[in-house]
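Single-letter residue listing:
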Amino acid sequence: MWTSPFSENGMEFERGFMKTVKRVFVKVGTAVVTRADGRLAVGRLGALCEQLKELNSQGYEIVLVTSGAVGLGRQRLRYRKLVNSSLADLQNPQYELDGKACAAVGQSSLMALYDTLFSQLDVSSSQHLVTDNDFRNGSFRKQLSETVKSLLALKVIPIFNENDAVSTRRAPYESFSLGFQRRCSCSDSSGIFWDNDSLAGLLALELQADLLVLLSDVEGLYSGPPSDPNSKLIHTYIKEKHQGEITFGDKSRLGRGGMTAKVNAAVCAAYAGIPVVITSGYGTDSIIKVLQGKRIGTLFHQDAHLWTSVKEVGAREMAVAARECSRRLQAMHSDDRRKILLDVVDALEANESLIKVENEADVAAAQDAGYGKSLIASLAKSIRVLAEMEDPIGQVLKKTELADGLILEKTSSPLGVLLIVFESRPDALVQIASLAIRSGNGLLLKGGKEAKRSNAILHKVITSAIPKNIGDKLIGLVASREDIPDLLKLDDVIDLVIPRGSNKLVSQIKESTKIPVLGHADGICHVYVDKSAKADMAKRIVLDAKTDYPAACNAMETLLVHKDLSSTGLLNEIIMGLQNEGVILYGGPRASSLLNIPEAHSFHHEYNSMACTVEIVDDVQAAIDHIHQHGRHVASHTDCIVTENHEVAEIFLNGVDSAAVFHNASTRFCDGARFGLGAEVGISTSRIHARGPVGVEGLLTTRWLLRGSGQVVDGDKGVVYSHRNLAL
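Residues numbered from 1 in each chain as written. Predicted model: local features only at pLDDT ≥ 70, side-chain atom pairs only at ≥ 80, totals over all residues. Heavy atoms only, no water.

For clarity, the cut-off: UniProt positions are given in the numbering used here, feature names are shortened, and annotations may be inferred rather than shown by experiment.
An unreviewed UniProt entry annotates the chain as Delta-1-pyrroline-5-carboxylate synthase originating from Hibiscus syriacus. Looking at the chain in UniProt, the text filed under Function (unreviewed entry) is "P5CS plays a key role in proline biosynthesis, leading to osmoregulation in plants."

Set out below in structure tokens:
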């Protein structure tokens, strides 16, 4: 879903009106009330009643419109007929039961069940059976309004149902409500309502509801039949956009309605001023979530068209647009691509005060550290470093003469379209966008909600610097987390996903997509202090690796110390230094006993805070074994040895299988900017494609260019292969 990030009518605000809702009408359909075999779905009804009880106790005025009487009555009459049938009767096909008889029998049973369930919850309910003809009587409508008003004041939940046993309505459903006929184009003079969906809409209007919730057996309104894998849930219905695009599936399994009836009722109610949400009745808290403003189901609202001042663009359209823009970017001259980056720098510096205002709003909400002037300057410096680098696109990596006059080149090429999902830190957006421009890739970004306003303004500033002949859709900002599942399905359009954030985020994305994922899982960074380490150097490196930025993925999480240092005093000095800085220490079996500190529950734990694990090891090989055992193989991140013994250092550097291995240097140096990459899109612990800090090179692939002069293979009869390497 694409919407303007600066419009107060954007997606984040579309359900803000829920805060003012007081009177709620809930309609539950036959498919929710009954199971597939026609029996009552007692569990779902119980969950429904519990939700209504909770809302009733919170001060909401609740009115329930229910279906299910016909289905319940049919099931009971079939059973009674079976019990009373002779053998001869059983051998003859059963005739179809009269629907009105089914309604009459089922209604009392349905209401008895509601009464029992609500009584158990200490809630009073009342029964109201109506027909369409009742609403032709003005006196009836007035009295109905007064009665319901009195009941709601007493915290009673009125339960409405159409009196199908005596209803004379036989025309197909067209529309409902005399009042609606003046408002809707779908009026029908032959009647007022046809089913309980239209009845719910009529009652919502007559009794001045603030919200109508239509419960269905699916999550909401889809663009096609819900069983079709290509169908997508429509979160907000816009009549002008969706009316001619939706394909409906089958009608209700048991009732007269179905999604067509619900949509007709919802559209008429919404355009008469009653907001409507169609959502699943199978969930145990669907109604509560709707009233909390959660983005579930499909919302119908008379102002919905105002919330999409910028045309909505689906996930696929965003990705396709980014690819098309990236191809135009790749075709540009290197100097022109470089100029775009310099224009981005100018735009960031020119809008620094505006960026800071938006960031401060995020900071106030998150109570976190915000941007300072130095960070904008640092970002600008990183982008300038990128701009001054040699153009990474189209570099000839290898040149080979295959045969006389047949020259093959292996060249660098952009990957295509990248999807980056990152949490919090909005400076990541600037780095990633700059790398995408430099590497010629299209980009889709989804940042954390904690930095929503910062991300929005940064995206606007950066895309404003992209020339019109390339298109600002080169970099798309995904507005809602609900769009991520759709994007992760686009393995034919998106070429690489890079998650930046918690272990949980990375793991969830890896499990949810066929698209290649480049990122680190839960990599533990180790510092091993060898027996020959210089004391001052060891203390400086350990403190920096842990305390410089404890939440970073390259911060030390486990300190390994050679056993001999416990007797020299260096171990105690290092421990005292960490504790003086406020670091909480946990020990392995040996360290916890020696140092009298709590034992760690696991060596495989990322604290991301001022805490770490300490353990004693016998020698460098024991340290390497520990790292391999607890670094979880593919998740090895950055590990460091502090030693003056170069032979031991080489054993460590060559023996530790991590993305980055250091000698006498803090793990915090594992960073794209510090490595001179200009910026980084993230740090990868994968073994395929890119490993460690991922800069421009990690966002490139290769392709082959072959230049000939009319050669053909023809069974290799006339080709003399030379396979001679040529100078670049």
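### Here we look at the sheet that holds strand E9 (residues 396-403)
Note the following rule: Any two strands between which DSSP finds at least two bridges are classified as paired. What counts as a helix is a DSSP run of H or I of at least four residues, what counts as a strand is a run of E of at least two, and both are numbered from the N terminus. The axes used here are C-alpha line fits, helices contributing only the stretch in contact, and every angle between their N-to-C directions lies in the interval 0 to 180 degrees.
Pairing in this open sheet of four strands is antiparallel, and the strands run E23-E10-E9-E24 from one edge to the other. The open sheet is flanked by strand E23 (700-707) and strand E24 (721-725), the only strands paired with a single partner. Pairs of neighbouring strands in the sheet enclose a mean axial angle of 25°, with direction left out of account. Here E9 runs beside strand E10 (residues 406-414); their pairing, made up of six bridges, is antiparallel. Residue Val396 lies in a different strand from E10, and its bridge partner there is Thr411.

### Thoughts on unusual backbone geometry
Note the threshold: Accessible area is worked out with a 1.4 Å probe on protein chains only. A residue is then buried under 20% of its type maximum, exposed over 50%, and partly exposed in between.
For Lys155, which is not glycine, the phi dihedral falls at a positive 65°. Looking at the element boundaries, Lys155 is found in the loop between helix H6 (138-153) and strand E4 (157-162). On the basis of relative accessible area, Lys155 is assigned to the partly exposed category, the value being 39%. With phi around 55°, Asn664 is a residue other than glycine that occupies positive phi space. Tracing the sequence through the fold places Asn664 in the loop between strand E20 (660-663) and strand E21 (682-684). Accessibility expressed as a relative area gives 24% for Asn664, which makes it partly exposed.

### Looking at the packing of aromatic side chains
Under the convention used in this document: Pairing of aromatic rings covers Phe, Tyr and the six-membered ring of Trp, with a centre-to-centre limit of 6.5 Å; geometry is then stacked below 30 degrees between planes, edge-to-face above 60, and tilted otherwise. Distance and angle both matter: a charge sits over a ring if NZ of Lys or CZ of Arg is within 6 Å of the ring centre and within 35 degrees of the ring normal.
Within this structure, the stated rule accounts for six aromatic pairs. On the numbers, 5.5 Å between centres and 85° between planes, the contact of Phe135 with Phe140 is edge-to-face. Judged by relative accessible area, which is 1%, Phe135 ranks as buried. Taking 5.7 Å as the distance between ring centres and 5° as the angle between the ring planes, the aromatic pair formed by Tyr586 and Tyr607 counts as stacked. Pair noted here: Tyr586 is in strand E17 (residues 584-587) and Tyr607 is in the loop between helix H23 (589-595) and strand E18 (611-617), with a separation of 21 residues, a long-range link. Accessibility expressed as a relative area gives 16% for Tyr607, which makes it buried. Over the aromatic face of Tyr282 sits the side chain of Arg44, whose NZ or CZ is 4.1 Å from the ring centroid.

### Observations concerning the nonpolar core
What counts, and what does not: What makes a nonpolar core is a set of buried Ala, Val, Leu, Ile, Met, Phe, Trp, Tyr and Cys residues whose side-chain atoms join them at distances within 4.5 Å. Any two residues whose heavy atoms approach within 4.5 Å are treated as being in contact.
Leu348, Ile420, Leu443, Leu445 and Ile475 are the most contacted members of the largest nonpolar core, which has 49 residues in total. Among the elements that line this core, the one with the most residues is helix H16 (residues 427-439), at eight residues. Setting aside residues no more than four positions away along its own chain, Ile420 makes contact with Ile432, Leu443, Leu444, Leu445, Lys446, Ile498 and Val681. In terms of nonpolar packing, the next biggest core, distinct from the first, is built from 36 residues, Val24, Val26, Val33 and Leu64 among them.

### A few points about the confidence of the model for the chain
Just so we agree on the cut-off: Confidence of the predictor at the level of single residues is captured by pLDDT, which takes values from 0 to 100.
When pLDDT is averaged along the chain, the result is 85; 86% of the residues meet or exceed 70. Taking the mean pLDDT of every element in the chain, the minimum, 41, falls on helix H7 (residues 178-181) and the maximum, 98, on helix H20 (residues 535-547). Across residues 171-191, confidence stays below pLDDT 50; counting only partners more than four residues off in sequence or on other chains, it has 52 contacts. The low-confidence segment residues 251-257, where pLDDT is below 50, has 20 contacts with residues more than four positions distant or belonging to other chains.

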